[in-house]
Amino acid sequence: MTANGFGPMNVLGAVSITAEPFLPFVQWLTNSVLVAGIVVLLMVWATRKATRKISPVPVGFQNFFELVIEFLYGQVEGIVGKKVAPRAFPLLATIFLFVVISNWFGLMPGVGTIGFGQLSGPLTLDTAPDEHGHAPHFVPLLRPATADLNMTIGIAAIFMLTWAWLTYREIGVIGFIKHTFAPKGGVRGFVGSILVPIFLFVGVIELISIAFRPVSLSLRLFGNVFAGETLLHAMGGILDGLHPVISFLGSILLPLPFFFLEILVGVLQATVFALLCAVYIQISTTHDEEHDH
Amino acid sequence: MTAFPFLILAKASEPAGGGIAESLGLHWAKFLAQVLLFLIVYLILKKFAFGPIMAILEDRKNRIAEGEENLKKIAADMEAAEAKQAEIVGEANTRADKMIAEARESAEALAEKKRAEATNEAAGIVAKAREAGELEKNQMLSELKRDFGRLVVDTTSKVTGKVLTGEDQDKINQETAAQLSL
């Protein structure tokens, strides 16, 4: 198939793994930063629309907003508990909403497919590989914000700082050390002293696991969204090089089932990210006496 | 501690190191731009969405709880009012029964009194009528005796042709009256 100039392998590398800047002299202004900015504006607009004329009897968009927030708050409260929920909720809800909207934004027509072509110029469609089987360099105008590791690491870093603050506030430094290294399960006496080295070792492993949480959180999200982009791109271009009508129909029909899959993956990944963050907060802010019960 | 993996990535992103971070597109300026954007949306949502919505949800929850409390209070008040009403109605019924009984007793007593008075009055009237009748009868009887005596005297004097003296007349009258009283 590749010998004929079409096939999935030719388009797999067409989606760059990195977000790309539009202007050579403004490195930070990448296509994913642009999408993040659009998502921010979208969320700000929605927020203003829902809460500008807030009333005790909700109408219109306020109703929907209340439904979402109440549902999310219930979920967060169920995990982190009544005491920590008011402080943890804003960040966890923002993470969920921002990630889900960013993920779904990547499914909008034109995102990742309209941009600057090396051969075809600005505002062009992504082009098929050339006769040598190489994809020409193409910079999409819009790239999902969560398909950029800078964004996913950024969210994870903000979460870890908030996590550290909440943990410090709830159990303090000594409490955290005890929570991490002290023998659990109420073991005392001779057996307890035997178990101390084991729990110290477990504590060290726990610290390493905590240190790598932001990496696992960010890489999981980034990997899934980037893989989704690549999958849609590959499915859309799988029949490139055949008859134009077949290629056109293929570019519409073949990615279609995967769009539904990506809608699911979008909300699933946002849920996983927010849920894990909530669980991390719950684990470290639970007092040992509560934990033992 | 949480910065540890970032330090590794940052180290890896240094030009001399190249490697993973560079190939994954990690870059401090891009990272900060994304962090800034996320922080903006976080702060805006916290201030303008979660804050007011949570406040209004809390307010609504309080209102509902207050409404429920009021409802319970109203139900309790209503129950108390119904009990009070039943008590008042019961008391009124008892009092009414008592009043009716008293009225009946009083009416009966009055009727009895009036009946006795009427009986007495009727008896008085009957006695007076009987006395008047007796008196009239006696009067008529004495008039009859007198007229009859006179008639006898007149008849006697006419039959005998003699003028009767006062003494004769009295004697005849007495005899006549004595005969009539028989």
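Residues numbered from 1 in each chain as written. Chains lettered and ligands numbered in written order. Predicted model: local features only at pLDDT ≥ 70, side-chain atom pairs only at ≥ 80, totals over all residues.

**What about the interface of chain A and chain B?**
Each partner contributes residues to the interface: chain A has 46 residues there, and chain B has 35 residues. Of all the secondary-structure elements, those providing two or more residues to the side of chain A that touches chain B are helix H2 (31–51), helix H3 (61–80), helix H4 (85–105), helix H5 (149–181), helix H6 (189–211) and helix H7 (213–236) of chain A. The element that contributes the greatest number of residues to the side of chain A that touches chain B is H5 of chain A, accounting for 11 residues. Residues that form the side of chain A that touches chain B fall into these classes: 33 nonpolar, 9 polar and 4 charged. (Contact = placed C-beta atoms within 7 Å. Helix = DSSP H or I, 4+ residues; strand = E, 2+ residues; numbered from the N terminus. Nonpolar A, V, L, I, M, F, W, Y, C, P; charged D, E, K, R; others polar.)

**Brief notes about the nonpolar core**
Among the nonpolar cores identified, the biggest contains 62 residues, and Val 39, Ala 88, Leu 92, Ile 95 and Cys 277 of chain A are the most heavily contacted of them. Going through the elements one at a time, H2, H3, H4, H5, H7 and helix H9 (256–285) of chain A together with helix H3 (28–160) of chain B are the ones with two or more residues in this core. No other element matches H4 of chain A, which puts 12 residues into this core. Sequence-distant contacts of Ala 88 of chain A, that is, excluding residues within four places in its chain, are made with Val 76, Val 80, Leu 166, Ala 278 and Ile 281 of chain A. (Core = buried A, V, L, I, M, F, W, Y, C linked by C-beta atoms within 7 Å. Buried ≥ 20, exposed ≤ 12 C-beta atoms within 10 Å, placed from the backbone.)

**Re the environment of Ser 218 of chain A**
Inspection of the secondary structure assignment puts Ser 218 of chain A in helix H7. For Ser 218 of chain A and Val 265 of chain A, which are 47 residues apart along the polypeptide, the C-alpha to C-alpha distance reads 15 Å.

**Description of H2 of chain A**
In a regular helix each residue adds 1.5 Å, so 21 residues correspond to 30 Å; H2 of chain A covers 30 Å between its end C-alpha atoms and thus fits that length. All of the buried residues in H2 of chain A are Asn 31, Ser 32, Val 33, Val 35, Ala 36, Val 39, Val 40, Met 43, Thr 47, Ala 50 and Thr 51 of chain A. For H2 of chain A, the elements touching its buried residues are H3, H4, strand E3 (138–140) and H5 of chain A together with H3 of chain B. (Expected span 1.5 Å × (residues − 1).)

**Some details on the confidence of the model for chain A**
Chain-level pLDDT for chain A is 85 on average; 86% of the residues reach the 70-or-more range. Confidence drops under a pLDDT of 50 for residues 1–9 of chain A, and excluding neighbours within four residues, the segment shows 18 contacts in the predicted structure. (pLDDT = per-residue confidence, 0-100.)

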